[in-house]
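# Residue-level structure breakdown
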Amino acid sequence: MSRRILEVQSLSVSYGKTPALRGLNLHVDQGEVVCIVGQNGAGKSTTMNAVAGSLSGRRESGSISLNGIPLQGKSPEAIARLGISMVPEGRHVFPEMSVLENLKVGTYMRPNRNRVAQELDTIFQLFPRLYERRHSAAGNLSGGEQQMLVIGRAVLTDAKLLLIDEPSLGLAPRVTEDVYRALLKLRETKGLTLLINEQSTNRVLRYADRIYVLRGGEVRLTGTPDRLRDGDTIREAYFGLP
Ligand code: ATP
């Protein structure tokens, strides 16, 4: 039986008077790849930021829990310690630091250094290009390599649930495919659970176990790719066209 990891219930968020999410319900089970798809401004990043605890000062109602533990009121650091790591949009690497140093940033709080070393090996096996460039400054990597670096860094924090905001942004289609293949492999080899924001309906139909289509801060459609593959249904939910 599937085990519920993340549960978001009736989440509403406003930036000042602007509502960004209106009563959003969403859940993620252990080992799932769940994708949130929607246009610019649909509310995808707001959903992730709410889960990661980085929406301080915004008006929020509803509830979010991880393995049954309520997350409201917890700091981003406390939420990270519970096993959630967020990879924000835009690939924030430390450009002057080497690839290896960037990867190690998330590991300093972890006491078991042998385990960290083993996991670093796993990351390098999964992303051989990062191994080849481990002594290069992260700022000199390509966009795809930087995306892999920030994903690797998030994994090394010992996260169980990764929140990845638009990993394909600005990447060539072939590079995006590589990133998604690596993400699926991470799920397989490390048993990670993934919540991913995307703008492309084609991609979510290909890679997700389950999909939420967001528009105007509301879930307009949800289900498995098999159920949603009927192009018209998903397009209608995405664009709001009849
Ligand atoms: P994108 O792909 O552009 O990041 P998104 O689906 O992630 O889009 P959000 O960034 O969550 O959408 O935005 C949802 C709504 O909230 C939009 O109307 C947006 O303009 C608004 N919004 C987001 N961040 C802020 C902010 N810091 N201040 C005011 N309004 C905001």
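Note that the coordinates shown come from a computational prediction; the quantities given were computed from them, not determined experimentally.

## Considering the overall build of the protein
Counting secondary structure elements, the protein contains ten helices and ten strands. For the protein, the C-alpha radius of gyration of 18 Å lies close to 18 Å, the compact-globule estimate for 242 residues. Overall, the C-alpha framework of the protein stretches about 50 × 40 × 40 Å when taken along its three principal axes. When each of the 242 residues of the protein is scored for burial, the buried share is 49%. Put simply, of all contacts in the protein between residues at least 6 apart along the chain, 68% involve residues at least 24 apart. Total accessible area computed for the protein in this model is approximately 11800 Å², and 49% of it derives from carbon and sulfur atoms. Counting 32 positive and 25 negative side-chain charges, the protein places the centres of these two groups 3 Å from one another.

## A few points about the site of the ligand
As a matter of local geometry, the ligand sits amid 14 residues, with Gly41, Lys44, Ser45, Thr46 and Glu166 nearest to it. Measuring from an oxygen atom of the ligand, one finds a side-chain N or O atom of Asn40 at 3.1 Å. Within the side chain of Thr46, a nitrogen or oxygen atom sits 2.5 Å from an oxygen atom of the ligand. Look at the ligand: alone it shows 620 Å² of surface, and the protein chains cover 63% of it. Considering each element in turn, the shell around the ligand owes the most residues, three residues, to helix H1 (residues 44-52).

## Looking at the sheet that holds strand E6 (residues 84-87)
Strand-to-strand pairing in sheets goes through backbone hydrogen bonds, with the strands running parallel or antiparallel. Spatial ordering of the open sheet is given by E6-E7-E8-E3-E9-E10, a layout of six strands whose pairing is mixed. Strands at the two margins of the open sheet, each flanked by one partner only, are E6 and strand E10 (218-223). Between one strand axis and the next, the sheet turns by 15° as a mean value, whatever way the strands run. Looking at chain direction, E6 and strand E7 (residues 161-165) are connected through four bridges and run parallel. Across the sheet, Met86 pairs through a bridge with Leu163, a residue of E7.

## A few points about the environment of Glu60
Along the chain, Glu60 turns up in strand E4 (residues 59-66). Classification of Glu60 by relative accessible area gives partly exposed; the value is 39%. Glu60 sits 41 residues away from Pro19 along the chain, and the two C-alpha atoms are 9.9 Å apart. Not counting residues within four places of it along the chain, the set of residues in contact with Glu60 comprises Leu11, Ser12, Val13, Ala50 and Leu55.

## Some remarks on the nonpolar core
Counting 46 residues, the largest nonpolar core has Leu130 and Leu162 as its most contacted members. It is helix H6 (residues 143-155) that provides the largest number of residues to this core, a total of six residues. Sequence-distant contacts of Leu130, that is, excluding residues within four places in its chain, are made with Val99, Ile123, Phe124, Leu141, Glu145, Met148 and Leu149. Within the second largest apolar cluster, 27 residues are counted, among which are Val28, Val51, Leu66 and Leu195.

## Observations concerning the pattern of salt bridges
Under the defined criterion, the tally for this structure stands at 17 salt bridges. Measuring nitrogen to oxygen at the nearest pair gives 2.8 Å for the salt bridge that ties Asp29 to Arg4. Placement of Asp29 in strand E2 (residues 18-29) and of Arg4 in strand E1 (residues 4-15) is noted, with a sequence separation of 25 residues between them. For Asp29, a relative accessible area of 8% gives the class buried. One continuous salt-bridge network, built from bridges that share partners, spans Arg115, Glu119, Asp158, Lys160 and Lys190.

## Details of the packing of helix H4 (residues 113-126) against helix H7 (residues 173-190)
Two numbers describe how H4 lies on H7: the axes approach to 11 Å, and their chain directions differ by 145°. Judged by the twist between their axes, the crossing of H4 over H7 is right-handed. Residues Glu119, Ile123 and Leu126 of H4 touch H7, and the partners they reach there are Ala182, Lys185, Leu186 and Lys190. For the contact of H4 with H7, the class distribution of residues is four nonpolar, no polar and three charged.

## Structural notes on H6
For H6, which comprises 13 residues, the first-to-last C-alpha distance of 19 Å matches the rise-based estimate of 18 Å (1.5 Å per residue) to within 8%. Within H6, twelve of the 13 residues are buried, which leaves the element mostly enclosed by the surrounding structure. Three or more residues of H6 are buried, namely Gly144, Glu145, Gln146, Gln147, Met148, Leu149, Val150, Ile151, Gly152, Arg153, Ala154 and Val155. Contacts from the buried residues of H6 go to E6, helix H3 (99-104), H4, helix H5 (128-132), E7 and H7.

Rules behind the numbers
Residue positions are given per chain, counting from 1 as you read along its sequence in written order. Per-residue local features of the predicted model are confined to residues with pLDDT of at least 70, and side-chain atom pairs are confined, for both listing and counting, to 80 or more; whole-chain, interface and lining totals are unaffected and use all residues. The side-chain numbers reported here are obtained from all heavy atoms of the structure, hydrogens and water having been left aside. Counting from the N terminus, the helices are the DSSP runs of H or I reaching at least four residues and the strands are the DSSP runs of E reaching at least two. Our radius of gyration is a C-alpha quantity, and the globule rule it is checked against amounts to 2.2 Å times the number of residues to the power 0.38. The cut-offs for exposure are 20% and 50% of the maximum accessible area for each residue type, with area from a 1.4 Å probe on protein chains only; residues under the lower value are buried, those over the upper are exposed, and the others partly exposed. We call two residues in contact when some of their heavy atoms are within 4.5 Å. Computed by Shrake-Rupley with a 1.4 Å probe, the accessible areas treat only the displayed protein chains as cover when residues are assessed. In this count, Lys and Arg are taken as positive residues and Asp and Glu as negative ones, while His and the chain termini are left out. To locate a charge, take NZ of a lysine, CZ of an arginine, CG of an aspartate or CD of a glutamate. Residues are classed as near a molecule or strand on a simple rule: at least one heavy atom within 4 Å of it. In protein, a polar contact means a hydrogen-donor-capable atom and an acceptor-capable atom, both N or O and within 3.5 Å, with residues adjacent in sequence counting only if both atoms are side-chain atoms; elsewhere, any N or O pair within 3.5 Å suffices. We call two strands paired when DSSP finds no fewer than two bridges between them. Angles here are taken between N-to-C directions and fall from 0 to 180 degrees, while the axes themselves are lines fitted to C-alpha atoms, restricted in helices to the stretch in contact. Throughout this description, the term nonpolar core refers to a set of buried Ala, Val, Leu, Ile, Met, Phe, Trp, Tyr and Cys residues connected via side-chain atoms within 4.5 Å. Between Lys or Arg on one side and Asp or Glu on the other, a salt bridge is scored when a side-chain nitrogen of the former is within 4 Å of a carboxyl oxygen of the latter. Should the near helix be turned anticlockwise from the far one by less than a right angle, the crossing is left-handed, and should it be turned clockwise, the crossing is right-handed. Note on residue classes: Ala, Val, Leu, Ile, Met, Phe, Trp, Tyr, Cys and Pro are nonpolar, Asp, Glu, Lys and Arg are charged, and everything else, Gly too, is polar. Here the expected span of a helix is defined as 1.5 Å times the quantity of residues minus one.

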